[in-house]
Amino acid sequence: MKRKFTFLISSLLLSANLIHAQDSLMIRKIYDEALVNGKSYESLRYLCKNIGQRISGSANAQKAVEYSKKLMESYGFDKVYLQEVMVPHWVRGAKETAFIIDGKKRIPVPIAALGMTVATPKEGITANVIEVQSLKELATLGEAAIKGKIVFFNRAFDPRFIETGQAYGTAGDQRFMGPAVAAKYGAVGVIVRSLTESLDDYPHTGATLADKDGKNIPAAAISTKAANKLSAMLKMRKFPAAKFYFKQSCQLLPDVLSYNVVGELTGTEHPNKFITVGGHLDSWDLAEGAHDDGTGVIQSAEVLRIFKAIGYKPKNSVRAVFFMNEENGHKGGTKYAELAAQNKEEHIAAIETDEGGFTPRGFSFSDVSKDFITKVNTNWKSILEPYEVDQLTIGGSGTDIEPMKEKLPSVVLIGFRPDSQRYFDIHHTPNDVFENVNKRELELGGAGIAALIYLIDQHGF
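Residues numbered from 1 in each chain as written. Predicted model: local features only at pLDDT ≥ 70, side-chain atom pairs only at ≥ 80, totals over all residues. Heavy atoms only, no water.

(A) Quick peek at the pairing of strand E7 (residues 189–193). Among the 5 residues of E7, 5 are classified as buried, and the element is accordingly described as predominantly covered. In this structure, strand E6 (residues 150–153) lies alongside E7, joined through 4 bridges in parallel fashion. Each bridged residue has a counterpart across the sheet, and for Phe152 the counterpart in E7 is Ile191. Sheet analysis places E7 next to strand E8 (residues 219–222), joined by 4 bridges and oriented parallel. Note that in E8 the partner of Ile191 across the bridge is Ala220. (Buried < 20%, exposed > 50% of the residue type's maximum accessible area, 1.4 Å probe, protein only. Helix = DSSP H or I, 4+ residues; strand = E, 2+ residues; numbered from the N terminus. Pairing = 2+ DSSP bridges.)

(B) Structural detail: the environment of Arg28. Tracing the chain through its elements places Arg28 in helix H1 (residues 2–37). On the basis of relative accessibility, which here comes to 37%, the residue Arg28 falls in the partly exposed class. A sequence separation of 419 residues divides Arg28 from Ala447, and the C-alpha atoms of the two residues are 9.5 Å apart.

(C) Looking closely at helix H4 (residues 135–146). With 12 residues, H4 extends only 12 Å from end C-alpha to end C-alpha; this falls clearly short of the ideal 16 Å at 1.5 Å per step. Listed as buried for H4 are Leu135, Leu138, Gly142 and Ile146. One side of H4 carries all its buried residues, which in axial view fall inside an arc of 150°. Summarising the geometry of H4, the exposed residues directed more than 90 degrees from the buried face are Lys136, Thr140 and Ala144. Lining the buried residues of H4 we find strand E5 (125–132), E6, helix H6 (173–176) and helix H7 (178–184). Following H4 by one or two positions, Gly148 adopts a phi angle in the positive range, close to 80°. (Expected span 1.5 Å × (residues − 1). Arc of directions from axis to C-beta. Contact = heavy atoms within 4.5 Å.)

(D) Highlighting the sheet that holds strand E12 (residues 316–323). Reading across from one edge, E1-E10-E12-E11-E13-E16-E14-E15 is the order of the 8 strands in this open sheet, with mixed pairing throughout. Across the chains shown, the open sheet's two edge strands, defined by having one partner strand only, are strand E1 (79–91) and strand E15 (391–394). The average angle at which neighbouring strand axes cross in this sheet is 25°, direction not considered. Across 4 bridges, strand E14 (residues 360–365) lies against E15 in parallel orientation. Counted as the bridge partner of Gly362 is Gln391 from E15. Packed on one face of the sheet, helix H14 (residues 439–459) meets strand E11 (270–280), E12, strand E13 (346–352), E14 and strand E16 (412–418) and runs near 40° to E14. (Axes fitted to C-alpha atoms, helices over the stretch in contact; angles between N-to-C directions.)

(E) Quick peek at the pairing of strand E2 (residues 97–102). Taking burial as the measure, the 6 residues of E2 include 5 buried ones, the bulk of the element. In this structure, E2 lies alongside strand E9 (residues 243–247), joined through 5 bridges in antiparallel fashion. Each residue of the ladder has a partner; that of Ala98, found in E9, is Phe246. Following E2, the chain reverses through 2 residues before pairing antiparallel with strand E3 (residues 105–108); Gly103 in that reversal takes a positive phi of roughly 65°.

(F) Structural context of unusual backbone geometry. Across the junction of Asp292 and Asp293, the peptide omega takes the value 5°, indicating a cis bond. A positive phi angle, close to 80°, is found at Met116, a residue other than glycine. Mapped onto the secondary structure, Met116 falls in the loop between strand E4 (111–113) and E5. The exposure class of Met116 is buried, given its relative accessible area of 15%. Positive phi, normally seen in glycine, also occurs at His330, with a value near 60°.

(G) Representation of the side chain of Arg155 within the structure. Considering the arrangement of structural elements, one finds Arg155 in the loop between E6 and helix H5 (164–171). One polar contact links the side chain of Arg155 to the main-chain carbonyl oxygen of Gln133, over a distance of 2.7 Å. Non-local contacts of Arg155, meaning those with residues more than four positions away in its chain, are made with Val132, Gln133, Ser134, Thr170, Ala171, Asp173, Gln174 and Arg193. (Polar contact = N/O pair within 3.5 Å; in protein donor to acceptor, adjacent residues only side chain to side chain.)

(H) The packing of helix H9 (residues 290–310) against H14, seen in detail. Put simply, H9 and H14 touch, their axes get as near as 9 Å, and they point 55° apart. When the axis of H9 is compared with that of H14, the two are oblique. Two packed elements cross with a definite hand, and for H9 against H14 that hand is right-handed. Listed contacts from H14 to Thr295, Gln299, Glu302, Val303, Ile306 and Phe307 of H9 are Leu442, Glu443, Gly445, Gly446, Ala447, Ile449, Ala450, Ile453 and Tyr454. Among the residues making up the contact of H9 with H14, the classes are represented as 9 nonpolar, 4 polar and 2 charged. (Parallel < 35°, antiparallel > 145°, perpendicular 65-115°, else oblique. Left-handed = near helix turned anticlockwise from the far one by under 90°. Nonpolar A, V, L, I, M, F, W, Y, C, P; charged D, E, K, R; others polar.)

Structure representation (structure tokens):
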């Protein structure tokens with residue numbers, strides 16, 4: 001009996017070691033294909049340089065849809081198709097102007113209108129400024145202090161966070177909610193410190209809440225250097241107070257028809273079970289949307305291309321999805337989840353890559369237990385460790401895939417986590433250009449995502 005038990009244990013260990021060896025060999029093939037024959041960098045170059053900014057509803061967004069479909073078709077995926085989705089059409093208009101008024105001096109400062117905000121009057125707005133650090137402080141001051149003024153939200157990034165996305169999260173409410181809340185207290189405009197730790201003269205745009213039932217006031221981001229200058233001037237003199245002027249001509253036009261772009265490798269064993277990987281095809285209008293999120297969509301297509309190139313036929317269907325309208329409406333992600341539920345698809349996992357194309361570090365799993373993450377690390381950490389993409393943690397996933405949790409509750413949502421230290425230096429700025437993407441980092445990211453998808457496809461959770 002003891003011999004039989006020993007033999008059984010030995011057989012199980014041998015089998016486990018054989019599976020591990022097979023997985024290691026396949027992941028090595030994935031990385032070799034990505035690093036030697038990778039197509040991501042040149043595809044991203046075309047998206048950035050030949051198309052450029054891709055804000056939802058724009059002509060360039062449509063060009064990006066057409067290019068993306070052709071790209072996936074050229075890779076020979078089993079299915080390539082479009083999903084119709086109605087998206088907002090917000091237009092920035094003429095370049096914004098702003099300056100601090102100090103007596104007779106006018107000091108120009110860089111600003112950028114926040115996405116979905118409204119225009120100033122044609123002549124612009126001039127008003128006294130009140131500086132606040134939080135929405136709570138705004139509420140404490142109340143209408144008596146705020147009415148008729150421009151509210152200046154000046155809470156800086158907290159540099160103590162190692163993961164800079166956490167700093168973005170703790171500072172972001174002033175940009176997204178601040179203008180709508182300030183309007184309720186009678187403010188005539190809002191200026192928000194750019195969401196970055198960098199000290200420079202590049203304002204960072206980003207979406208703000210448009211209140212359909214309330215009053216919307218013009219809102220813009222101000223560069224961090226200009227924010228420091230304005231704050232210093234406000235502190236130096238109590239009377240007469242420094243004033244601020246800004247002018248912007250943005251407008252919100254009627255919604256337009258756009259598309260998610262979907263490519264698929266159909267599963268050999270479970271064609272109606274899906275593993276999704278995606279990013280967002282749209283970008284803000286200030287630059288080329290290279291890291292946000294050109295790298296993400298191109299990496300997603302690259303995962304499927306790598307599988308085809310090395311001859312890997314997934315058991316489950318694997319989809320690359322280029323979501324439309326993540327930046328100012330999230331309509332693409334919502335539509336994808338609705339259609340998946342409507343078609344009664346079973347989704348095993350969804351991975352979003354929307355934190356830039358920097359050096360890959362690992363993945364975060366949303367809304368999972370400690371036991372789940374312990375199991376994932378026990379099974380996969382050692383096999384991913386040689387490629388330095390083995391940080392498997394509990395955390396967020398991504399805006400585009402979050403709607404899937406409500407519609408498809410069994411899906412596991414996962415965020416791709418590259419190194420975060422440089423991302424918010426260029427996020428939502430004119431500096432988000434192709435030249436700031438490193439080829440090797442980009443290809444390593446695509447390979448890392450492909451490796452995880454291979455493991456999920458082979459072994460599940």
